[in-house]
There are 2 protein chains.
Amino acid sequence: MSKLFESLNEQERITLEKLLELKKESGTHSPSPSEIDQILSPKNILVDACFLSNPYGTDLYLRELNKLMSSDACRGYIENYPSQNHSISKKLSNVLSVNEKNVFVGNGAIEIIELLLKEVIQGKIIVNLPTFSSYYEFCEEKERLLLNYLKKSNNYQLELSDIEGMLDEAEALVVINPNNPDAQYTQFDKLEEIIQACKRKDVKVIIDESFIHLKDGFNSYQDASHNYFFENYDNVIIVKSLSKDFGIAGLRLGYMLADESTINRTLAHGKLWNVSGFAEHFVDLLSANDYMMQYEACRKQHIDDIKELGILLNNIDDVKVLPTNTNFYLIELPDNIDPQVFCYVMLIRYNVLVRGANDKVGLDGNYIRVATRRPDENKLVVKAISDTLSDFKKLLD
Amino acid sequence: MSKLFESLNEQERITLEKLLELKKESGTHSPSPSEIDQILSPKNILVDACFLSNPYGTDLYLRELNKLMSSDACRGYIENYPSQNHSISKKLSNVLSVNEKNVFVGNGAIEIIELLLKEVIQGKIIVNLPTFSSYYEFCEEKERLLLNYLKKSNNYQLELSDIEGMLDEAEALVVINPNNPDAQYTQFDKLEEIIQACKRKDVKVIIDESFIHLKDGFNSYQDASHNYFFENYDNVIIVKSLSKDFGIAGLRLGYMLADESTINRTLAHGKLWNVSGFAEHFVDLLSANDYMMQYEACRKQHIDDIKELGILLNNIDDVKVLPTNTNFYLIELPDNIDPQVFCYVMLIRYNVLVRGANDKVGLDGNYIRVATRRPDENKLVVKAISDTLSDFKKLLD
């Protein structure tokens, strides 16, 4: 590290220190682009490949928002209280073709995850590591956590045999499918077997499908959803962030599908007006048939870009790229490179941001996570990774 | 009632029943305008004088939002996660000239009220009735509530002598100033005396100042705030919704000023990304000096309109209008008129919505609450009230 620090000029060194400090303050989550930009100033992030989001989804929403802004309806979404939660859930239930009593709309999926882990599930929870950190951080009593470390030798695949022994004492199992940060997918049959095993032991299965709709191979958005499991197994709860595939993280919107008693237990915690007027407008958009039709093209375009990025990444020397099942890639750096420092040096020198995965408990190796952006941006990302690798090589040789 | 129902035509009767049913479903809060519009369809609410909001504030924000939409910055607020809570609180602390460690930004004031009553205050709470219903509804254990019924004979004024006997067993006192729904104001000196009495008994005082900035007589927005109490008494917590005065209820934004330990106890409940990108944009607007300067004109214009509306309302026969200290009026109807039915008949016949106050526990009489809108709308509201009173008079004579 000291050799590396010496090779940076003074300005670079100061910036790197500030970025590492900001990351520390942000805990196991990434600092926001605007916070990072304040440190980089007067430069800005050129490509943000840290954040997992479909840019074509954002394009589509922006077009609709522009239409809204020039219509009279706009004022109402800003001036008035949004509809109460149950009323927005009802609208969404029509889109999802499920009973309105089984839907809860959240201020982002994270609000739902917090409610589930703190207010609904009171017993022990099986969490597979690595994972989205909130799934264990919201469990304040650490003795409630039953941790299953996914094996690198098994490509971080979830196996029933690894968790079977925990089912007797568990109240719930969390399965993010595909998983974040490793982008690995638990096949339909395998997942059904896990759900059945859980059902026999009266264990709920929380399936977080926030990344499923960006997996290649499904004919349609609906086709990709895990609704079959929800409809056929009463121990299944579905959690879904709409941020990633629809490109609207700023709106804060997610939902849960669950049995009525779980929904009522979450509703008991206030949540009267928990999503904003713009989020309600987005649900109204989804209710209009042509939005989903237009979105389907955005989804497929993004999946094409993911595949193209994969080819480019696999051409980089000295790194190992895990095959992906969603819109990001987990990449293993050489042994002697600290991923977080690597990412921030790349950001300082080439203005490209990817995510260092040091803070992901359960990852065995020096990983970075790279999100898919637009094709021209993806090329810049790949070049920045290559160039930064060369920089480090020179330093560390 | 039956005579009234008979006098309505069939369509009116069906609509009235649906509206009363919707109100029942909405509990002690008002149904949203869009829910009401669905029932009124094909007609719409012409003037919404139920909802308490400064229309000039909305105008100002809409102008800024239009500017944002035509700039590159817009995309970031939608596509990216908003900054984490502490980072937005820091921005707001600069606007409010308080230490960032004393600020918590909420997804609407209601999120803050819920956190305060459920997670921070564990003991008994003195609540003055009538009040904003969430202040007692979030207290799930009813034995935690110490209820002080404000006296009609005293114009619903808060008196230290009425609550003094409760201080020994209380952990906190809630003072909405001015109060909702009666629009009564506790004078500065009187409030300071109450705060001091509470301090002697180690009782926290939660001051909800959501309506203070629309009270006549203050030179500036800052001047109207209760910051003096927060700065001088460590038992004071300030809660503030930004919905009302800034006309942005759809954005969901409020804040709390409190001692560091209270702030940390609320932050411990997740709330990482609890406000939306548009709410963050609004905080960024507030941080720009000229927004508050422009807003000051909106505030004063609205206060002028409030006074003008007061004159018109006082000219209506057969009702008693309570003097106001904010942007709405509490009006007492004749004894034999049910306020909720009155409001919905008025809505059906004249497309003007005001709030029936039957559901406000602690109000002694048949009240409706009338919000100030723009001058031309206010005239329509006053005429609709007069006309509906005539309609009822004919029926009930």
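In the nomenclature of an unreviewed UniProt entry, chain A is known as Aminotransferase of Parashewanella curva. Here is the UniProt Sequence similarities (unreviewed entry) comment for chain A, exactly as written: "Belongs to the class-I pyridoxal-phosphate-dependent aminotransferase family."

Colleague: Can you lay out the interface of chain A and chain B for me, pointing to particular residues and giving the numbers?
Modeller: Contacts between chain A and chain B engage 60 residues on the former and 60 residues on the latter. Taking both partners together, chain A and chain B bury about 4,500 Å²; carbon and sulfur atoms supply 53% of that area. Applying the counting criterion to the chain A and chain B interface returns 4 salt bridges. When the shortest N-O distance is used, the salt bridge between D59(A) and R75(B) registers 2.6 Å. Counting across the chain A and chain B interface gives 26 residue pairs in polar contact (both at pLDDT 80 or more). Breaking the side of chain A that touches chain B down by element, the ones donating at least two residues are α3 (33–40), α4 (55–69), α5 (73–79), α6 (85–96), α7 (109–120), α13 (243–246) and α15 (277–287) of chain A. The class makeup of the residues in the side of chain A that touches chain B is 22 nonpolar, 22 polar and 16 charged.

Colleague: So what about the packing of aromatic side chains? Which residues, and what values?
Modeller: Inspection of every chain in the model, using the stated rule, returns 31 aromatic pairs over all chains. Where F282(A) meets Y291(A), the ring centres are 5.6 Å apart and the plane angle is 85 degrees; that geometry is what we call edge-to-face. Residue classification places F282(A) among the buried positions, given a relative accessible area of 0%. By relative accessible area, which is 1% here, Y291(A) ends up buried. Pairing Y61(B) with F282(B) gives two aromatic rings, centres 5.8 Å apart and planes at 65 degrees, and the pair type is edge-to-face. Placement of Y61(B) in helix α4 (residues 55–69) and of F282(B) in helix α15 (residues 277–287) is noted, with a sequence separation of 221 residues between them. A single burial state applies to Y61(B) and to F282(B), both of which are buried. What links up through ring pairs into an aromatic cluster is the set Y61(A), Y221(A), F246(A), F282(A), Y291(A) and Y295(A). The ring of F328(B) carries R369(B) above its face, with NZ or CZ at 5.5 Å from the centroid.

Cut-offs used in this document
- The residue numbers shown here count from 1 along each chain, following its written sequence.
- Here chains are named by letter from A upward and ligands by number from 1 upward, in the order in which they appear as written.
- Per-residue local features are limited, in this predicted model, to residues with pLDDT of at least 70; the limit for side-chain atom pairs, both in listing and counting, is 80 or more; totals at the level of whole chains, interfaces and linings are taken over all residues.
- The side-chain numbers reported here are obtained from all heavy atoms of the structure, hydrogens and water having been left aside.
- UniProt positions are given in the numbering used here, feature names are shortened, and annotations may be inferred rather than shown by experiment.
- Note on contacts: a residue pair qualifies if any of its non-hydrogen atoms lie within 4.5 Å across the two residues.
- Once two parts are joined, some of their accessible surface, as seen by a 1.4 Å probe, is lost; buried area is that loss totalled over both.
- Salt bridges are defined by distance alone: a side-chain nitrogen of Lys or Arg within 4 Å of a carboxyl oxygen of Asp or Glu.
- Pairs of N or O atoms are called polar contacts if they sit within 3.5 Å, as long as, within protein, a hydrogen donor faces a hydrogen acceptor (for residues adjacent in sequence, only side-chain-to-side-chain pairs).
- Under the DSSP-based scheme used, a helix requires at least four consecutive residues in state H or I and a strand at least two consecutive residues in state E, with every element numbered from the N terminus.
- Each residue gets one of three labels, nonpolar for Ala, Val, Leu, Ile, Met, Phe, Trp, Tyr, Cys and Pro, charged for Asp, Glu, Lys and Arg, and polar for the others, Gly among them.
- Two rings belonging to Phe, Tyr or Trp (six-membered ring only in the last case) form a pair when the distance between their centres is within 6.5 Å. Interplanar angles under 30 degrees mark stacking, angles over 60 mark edge-to-face geometry, and anything in between is tilted.
- Burial status follows relative accessibility: with a 1.4 Å probe on protein chains alone, a residue under 20% of its type maximum counts as buried, one over 50% as exposed, and anything between as partly exposed.
- Both a distance and an angle decide whether a charge sits over a ring: NZ of Lys or CZ of Arg must be within 6 Å of the ring centre and within 35 degrees of the ring normal.

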